[in-house]
Amino acid sequence: QFHYDVAHVIGRVVVRKLEALRAKDAVSLDKAAWLVFQQHFIVRAGLIQRCYDKETKHGTEAHYQIAWKKLMKLALDNKKATHIAGWWL
């Protein structure tokens, strides 16, 4: 569930970024959009998920899972969230 929720909160950030994109032509816009996807869904999601997996030992450490669940709830509840646990979305 956590990994799905990461994609969800990052998706909200990506939508805002894509809505703000401007470019001189379709090719430039496509390149800019691809960079947004890469930065958020590949780089940032990867960092968050690796940190979560390391701290929770892939979901087997209940103490850390509870802490991450609380952080995720804050991010899910705040539609304008840009961070989770200090990590950029």
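Structure's up top.
In what follows, the accompanying structure is described. Source: prediction; values computed, not measured.

Parameters and conventions
The numbers attached to residues start from 1 for each chain and follow its sequence in the written order. Whole-chain, interface and lining totals are the exception, using all residues; otherwise, since this is a predicted model, local features are given only for residues with pLDDT of at least 70 and side-chain atom pairs are given and counted only at 80 or more. The basis for every side-chain value is the complete set of heavy atoms in the structure, and neither hydrogens nor water enter the calculation. Runs of E in the DSSP output that reach at least two residues are strands. Runs of H or I that reach at least four are helices, and both are numbered from the N terminus. Think of it in three bands: residues with accessible area under 20% of the maximum for their type are buried, residues over 50% are exposed, and the middle band is partly exposed, with areas taken using a 1.4 Å probe on protein chains only. Residue contacts are counted whenever heavy atoms from the two residues lie within 4.5 Å of one another. Positive residues here are Lys and Arg, negative ones are Asp and Glu, while His and the chain termini are left out of the count. For this purpose, a charge sits on NZ of Lys, CZ of Arg, CG of Asp or CD of Glu. Two rings from Phe, Tyr or Trp (for Trp, the six-membered ring) form a pair when their centres sit within 6.5 Å of each other. Planes less than 30 degrees apart are called stacked, planes more than 60 degrees apart edge-to-face, and all others tilted.

### Re the overall build of the protein
Secondary structure assignment for the protein yields 3 helices and 2 strands. Put simply, the protein runs from its N terminus to its C terminus through helices and strands in the order α-α-α-β-β. A principal-axis box enclosing the C-alpha atoms of the protein has dimensions of 50 × 20 × 20 Å. The buried share among the 89 residues of the protein stands at 29%. For the protein, restricting intrachain contacts to residue pairs at least 6 apart in sequence, the fraction spanning at least 24 positions comes to 56%. Across the protein, the 15 positively charged side chains and the 8 negatively charged ones have centroids separated by 4 Å.

### So, the packing of aromatic side chains
Under the defined criterion, the tally for this structure stands at 4 aromatic pairs. Note on Phe-2 and Trp-68: the rings are 5.4 Å apart at their centroids and 80 degrees apart in plane angle, and the pair reads as edge-to-face. Of the two residues, Phe-2 is situated in helix α1 (residues 2-20) and Trp-68 in helix α3 (residues 62-77); the sequence distance between them amounts to 66 residues. With a relative accessible area of 9%, Phe-2 lands in the buried category. With relative accessibility at 2%, the residue Trp-68 sits in the buried group. Ring centres 5.8 Å apart and planes at 90 degrees place the aromatic pair Tyr-52 and Trp-68 in the edge-to-face group. One end of the pair, Tyr-52, is in helix α2 (residues 26-56); the other, Trp-68, is in helix α3, and 16 residues separate them in sequence. Taken individually, Tyr-52 and Trp-68 each receive the classification buried, so the pair is uniform in this respect. Ring pairing ties together the aromatic residues Phe-2, Tyr-52 and Trp-68, which thus form one cluster.

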